[in-house]
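# Secondary and tertiary structure notes
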Amino acid sequence: MNVNIINPFVLSVSRTFSTMLNAEATRGAIALSDGGAGSSDIVAFIGIAGKTRGTVALMFPAKTALQAVSRLLGSECKILDETVADAVGELVNIIAGSAKAEFAGDSGEPLSLSLPTVIRGRHFDIRYAHNARWVEVPFESEFGPFALKVILESDDPTA
């Protein structure tokens, strides 16, 4: 995957954590990934449609999600309930929304975002058309580890 496609999402994660959570998110080594949940207990997905299309996933272990959402809401969250699911869904929405502006480029063709989908639990696989591979970007934060997974295809032959 072209670095120009993944970088807007990486930068958006860092900006979102800084501005919304007053925390630093430090990127780890980017790698290709299968569609497994790994050590994630809660995952938020959002689809992207337009000239560039695909899916963005934000994946958290329970402890990380609870601490991040507690900071976001200003009150302690103790269980992965609907409030936490909604907040994690909103985080992926903010991250994807911030990154999508980078893809409109000179064509002016806007991209569309779907509503976020949130899954709680560890035993699932995420598959995408054509057996494509996800690009996984691990992050560390004061709340704990989490990951961003992105799978995109583009009409732009240079992407």
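Look above for the structure.
The following refers to the structure shown.

Definitions and limits used
- Residues numbered from 1 in each chain as written.
- Predicted model: local features only at pLDDT ≥ 70, side-chain atom pairs only at ≥ 80, totals over all residues.
- Heavy atoms only, no water.
- Helix = DSSP H or I, 4+ residues; strand = E, 2+ residues; numbered from the N terminus.
- Buried < 20%, exposed > 50% of the residue type's maximum accessible area, 1.4 Å probe, protein only.
- Contact = heavy atoms within 4.5 Å.
- Areas by Shrake-Rupley, 256 points an atom, 1.4 Å probe, with all protein chains shown as cover.
- Core = buried A, V, L, I, M, F, W, Y, C linked by side-chain atoms within 4.5 Å.
- Polar contact = N/O pair within 3.5 Å; in protein donor to acceptor, adjacent residues only side chain to side chain.
- Salt bridge = Lys/Arg side-chain N within 4 Å of Asp/Glu carboxyl O.
- Phe/Tyr/Trp six-rings, centres within 6.5 Å; stacked < 30°, edge-to-face > 60°.

This brings us to the overall build of the protein chain. For the protein chain, the count of helices and strands is three helices and eight strands. Counting helices and strands in the order they occur from the N terminus, the protein chain gives α-β-β-β-β-α-α-β-β-β-β. Looking at the 159 residues of the protein chain, the share that counts as buried comes to 43%. In the protein chain, the proportion of contacts linking residues at least 24 apart, taken out of those at least 6 apart, comes to 73%. Surface summary for the protein chain: the accessible area is close to 7900 Å², and the carbon and sulfur share equals 50%.

A separate point is the nonpolar core. In this structure, Phe 17, Phe 60 and Leu 148 are the most contacted members of the largest nonpolar core, which totals 39 residues. Elements represented by at least two residues in this core include exactly α1 (3–21), β3 (42–49), β4 (52–60), α2 (62–73), α3 (82–104), β7 (134–141) and β8 (144–154). If you tally residues by element for this core, the top one is α3, at nine residues. Residues within four places of Phe 17 in sequence aside, it is in contact with Asn 22, Ala 23, Ala 25, Phe 60, Ser 141, Phe 143 and Phe 146. Membership of the second largest hydrophobic core comes to six residues, among which are Val 43, Phe 45, Ala 57 and Trp 134.

So, on to the environment of Ala 68. Note that Ala 68 resides in helix α2. Each C-alpha atom of the pair Ala 68 and Val 84 lies 9.4 Å from the other, and the pair is 16 residues apart in sequence. Aside from chain neighbours lying at most four places away, what touches Ala 68 is Leu 21 and Phe 143.

Before going further, it helps to spend a moment on the side chain of Thr 16. Position of Thr 16 among the secondary structure elements: in helix α1. Relative accessible area serves as the criterion here: at 3%, Thr 16 is assigned to the buried category. Within the structure, Thr 16 has its side chain in polar contact with the backbone oxygen of Ser 12 (distance 2.8 Å). Among all residues touching Thr 16, those that are not within four sequence positions of it are Leu 21, Leu 91, Ile 94 and Ile 95.

Now for the pattern of salt bridges. According to the stated counting rule, one finds two salt bridges in the structure shown. A salt bridge links Arg 120 to Glu 82; its shortest N-O distance comes to 2.6 Å. One end of the pair, Arg 120, is in strand β6 (residues 117–120); the other, Glu 82, is in helix α3, and 38 residues separate them in sequence. According to the relative accessible area criterion, Arg 120 is partly exposed, its value standing at 39%.

Summed over the entire model, instances satisfying the criterion amount to four aromatic pairs. For the ring pair Phe 60 and Phe 146, a centre distance of 5.3 Å and an interplane angle of 25 degrees mean the geometry is stacked. Of this pair, Phe 60 sits in strand β4 while Phe 146 sits in strand β8, placing them 86 residues apart in sequence. Under the relative-accessibility criterion, Phe 60 is labelled buried at 0%. Relative accessible area serves as the criterion here: at 4%, Phe 146 is assigned to the buried category. Measuring from centroid to centroid gives 5.1 Å for Phe 139 and Phe 146, while their planes differ by 5 degrees, and the two rings are stacked. Take Phe 139 and Phe 146: they sit in the same class, and that class is buried. Of the aromatic side chains, those joined through ring pairs into one cluster are Phe 17, Phe 60, Phe 139, Phe 143 and Phe 146.

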